[in-house]
Amino acid sequence: MAAKQMVYRPEHLIAARFNRSSASSIVSENERRMLRLILRQPGLPRATMTTELDLTQQSVHRIAGDLTARGLLSLGPAPPPSGRGKPSPSLHLNPDFAYVWGISLNTDEIGLCLMDFSGNRIAGELLPLDARRREVTLTTIAEKMQILRNDHGLHEDRCLGMGFGITGFRLSGTQYNPPLPLHEWSLIELGPLLSARFRIPVWIENNANTSALGEAMLGLGHDLKTFAYISFNYGLGGAVVIDRKLVTGGRGNAGEISAIFTPEERLHRPALQYLLERLNDKGIDLASVSEMAQRYDPAWPGLDEWADEVSPNFNRIVAAFWAVLDPEAVILGGQIPTGLAEKLIARVNLTDINRYGISRQKPCLLVSELGPHASSVGAAAYALGQCCF
């Protein structure tokens, strides 16, 4: 009989020093709910927690007290009194409790984010990627992590773990199927490989999904309950956030919007590999999508021609998200330059649904301000969320 395959569970690798006493997890469900609320609304008065969390005053005091004693929360000054009685202190996440890493892997670029426990980005880097040699890439990441730890005086013992985003769709477990330039990263269990390499728990997710999480935490999605995210990279991906929660679907591939196109249509979707090829054909020497984004010049020949060609399929993408999700906004991100994203937005023409003179509200079309950093920021946020939020 074949041996039963072990399922990779990064939460089992979290260092015991972070866990509650006599428990195998960092937080209880009610503690997690409180931390999630404070992450979104730092400085909430403790007294308001009873209503927000539907808990008794005694429970709120006990949970907040335990989290403060363990170093996850800190107490701040009370807000000005609004009535009789002593005002309660404000609650804040303690940034020094722990830190996490966020790594994103595109076909030509590594994004790296160092984030503290309160969700603040301590440092962020974009590094060149040698996609053909996985071990070289892992060494590059490890060396940069050590430099940043030294620069910021961080001890390895305070690290909760790492979120790792990779372009491509999920197969099963922690196996992904990225584009051809990332062939060495395909069809292998990345979780055990990366956890062993970095000696910390590693949570794996699709790059578009981590980008959407980055937008939800630090970007344009922060004030949106429901939005769609379109990730323009070598290929083209998407992600969905509903009621402030990432929706991954039954097999982890919700938002893989390129699947709506036939093989012939895929050649005319707004994936940046095709624009890169076209610009090279016109004599503009660009080695990668990341170089194209960094050197973007609105005067390059062929940009409007490309935008005109792909706009019908881009319009279908926006219309599909609008029809199925009814999002407040569709955010354009990934490695696309802002000027190029604006060209696509200007060409969107959604069919007006009008009855009795009243039209259905359309989503706002926004260009990410986090750009290529969104994926690594979101990867770090994903690790935090899996641990404590």
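Conventions used here
Residues numbered from 1 in each chain as written. Predicted model: local features only at pLDDT ≥ 70, side-chain atom pairs only at ≥ 80, totals over all residues. Heavy atoms only, no water. Helix = DSSP H or I, 4+ residues; strand = E, 2+ residues; numbered from the N terminus. Rg over C-alpha atoms; globule rule 2.2 N^0.38 Å. Buried < 20%, exposed > 50% of the residue type's maximum accessible area, 1.4 Å probe, protein only. Areas by Shrake-Rupley, 256 points an atom, 1.4 Å probe, with all protein chains shown as cover. Lys, Arg positive; Asp, Glu negative; His and termini not counted. Charge placed at Lys NZ, Arg CZ, Asp CG, Glu CD. Axes fitted to C-alpha atoms, helices over the stretch in contact; angles between N-to-C directions. Parallel < 35°, antiparallel > 145°, perpendicular 65-115°, else oblique. Left-handed = near helix turned anticlockwise from the far one by under 90°. Contact = heavy atoms within 4.5 Å. Pairing = 2+ DSSP bridges. Salt bridge = Lys/Arg side-chain N within 4 Å of Asp/Glu carboxyl O. Expected span 1.5 Å × (residues − 1). Core = buried A, V, L, I, M, F, W, Y, C linked by side-chain atoms within 4.5 Å. Arc of directions from axis to C-beta. pLDDT = per-residue confidence, 0-100. Phe/Tyr/Trp six-rings, centres within 6.5 Å; stacked < 30°, edge-to-face > 60°.

A. Broad picture of the overall build of the protein chain. Tallying secondary structure elements over the protein chain gives 12 helices and 17 strands in all. Expected size for 389 residues packed as a compact globule is a radius of gyration near 21 Å; at 22 Å, the protein chain falls within 12% of this value. Projected onto the principal axes, the alpha-carbon positions of the protein chain cover approximately 70 × 60 × 50 Å. Here the protein chain holds 389 residues, and 51% of them are scored as buried. Total accessible area on the protein chain stands at roughly 18400 Å², and carbon and sulfur atoms take up 50% of it. Put simply, the protein chain has 38 plus and 40 minus side-chain charges, and the middle of one group is 8 Å from the middle of the other.

B. Seen up close, the packing of helix α4 (residues 134–152) against helix α5 (residues 190–198). Running from N to C, α4 and α5 point in directions that differ by 45°, and their axes come no closer than 11 Å. It follows that α4 is oblique to α5 by the angle criterion. Both α4 and α5 take part in a crossing whose hand is right-handed. Where α4 abuts α5, its residues Arg134, Glu135, Leu138, Thr139, Ile141, Ala142 and Met145 lie against Leu193, Leu194, Arg197 and Phe198.

C. Structural view of the sheet that holds strand β1 (residues 44–45). Taken in spatial order, the three strands make up an open sheet running β1-β3-β2, and their pairing is antiparallel. Across the chains shown, the open sheet's two edge strands, defined by having one partner strand only, are β1 and β2 (73–76). Across the face of the sheet, helix α1 (residues 29–40) comes into contact with β1, β2 and β3 (90–93) while running at roughly 90° to β3.

D. How the structure looks around the pattern of salt bridges. For the structure shown, the criterion picks out 13 salt bridges. The residue Arg316 makes a salt bridge to Glu265 at a minimum N-O spacing of 3.0 Å. In this pair, Arg316 sits in helix α10 (residues 303–325) while Glu265 sits in helix α7 (residues 263–266), placing the two residues 51 residues apart along the sequence. When salt bridges with common partners are traced through the structure, they connect Asp304, Asp308, Lys343 and Arg347 into a single cluster.

E. Summary view of helix α6 (residues 207–218). Over its 12 residues, α6 runs 16 Å from end to end, which matches the ideal 16 Å to within 8%, given 1.5 Å per residue. Burial of α6 is extensive: 11 of the 12 residues sit out of reach of the surface.

F. Highlighting the nonpolar core. Counting 39 residues, the largest nonpolar core has Ile26, Met34, Leu35, Met49, Phe117 and Leu160 as its most contacted members. Here this core gets seven residues from one element, more than from any other, and that element is helix α12 (residues 374–387). The residues touching Phe117, leaving out its near neighbours within four places in the chain, are Leu35, Leu72, Leu93, Asn94, Pro95, Phe97, Ala98, Leu160, Leu384, Cys388 and Phe389. Within the second largest apolar cluster, 37 residues are counted, among which are Leu276, Leu286, Tyr296 and Val367.

G. Here's a closer look at unusual backbone geometry. Here the phi dihedral of Arg244 falls at roughly 70°; this positive angle occurs in a residue that is not glycine. For Arg244, the position within the fold is in the loop between β12 (236–242) and β13 (245–247). Owing to a relative accessible area of 38%, Arg244 belongs among the partly exposed residues under this scheme. One non-glycine residue, Tyr356, lies in positive phi territory at about 60°.

H. Fine view of helix α11 (residues 338–346). Of the positions making up α11, those classed as buried are Leu340, Ala341, Lys343 and Leu344. Projected onto a plane normal to the axis of α11, the buried residues spread over an arc of 155° and lie on a single side. The elements touched by buried residues of α11 are β11 (227–232), α8 (272–281), α10, β14 (329–334) and β17 (364–367).

I. Representation of the sheet that holds β17 within the structure. In space, the five strands of this open sheet follow the order β13-β12-β11-β14-β17, with mixed pairing throughout. Bordering the open sheet on either side are β13 and β17, each of which pairs with just one other strand. The sheet shows a mean angle of 25° between the axes of neighbouring strands, direction not considered. By the bridge criterion, six bridges tie β11 to β14 in an arrangement that is parallel. Residue pairing in the sheet places Ser231 in a bridge with Gly333 of β14. Against the sheet, α11 engages β11, β14 and β17, with an angle of about 165° to β17.

J. Main features of the confidence of the model for the protein chain. Here the protein chain shows a mean pLDDT of 93. Residues at 70 or above account for 97%. Mean pLDDT across the elements of the protein chain bottoms out in strand β15 (residues 354–355) (83) and peaks in β17 (98).

K. The arrangement of the pairing of β12 in detail. Of all the seven residues making up β12, six are buried; the element is thus mostly covered by neighbouring parts of the structure. As paired elements, β11 and β12 share six bridges and run antiparallel to each other. Across the sheet, residue Ser231 finds its bridge partner in β12, namely Gly237. From the end of β11 to the start of β12, which pair antiparallel, there are three residues. Pairing between β12 and β13: three bridges, direction antiparallel. Following the sheet pairing, Val241 is matched in β13 by Leu246. Counted between consecutive antiparallel strands, the loop separating β12 from β13 contains two residues, among which Asp243 sits at a positive phi close to 50°.

L. Here's a closer look at the packing of aromatic side chains. Applying the stated rule across the entire model yields seven aromatic pairs. Pairing Tyr296 with Trp300 gives two aromatic rings, centres 5.8 Å apart and planes at 80°, and the pair type is edge-to-face. The burial state of Tyr296 is the same as that of Trp300; both residues are buried. One aromatic cluster in this structure is built from Phe18, Phe97, Phe117 and Phe389.

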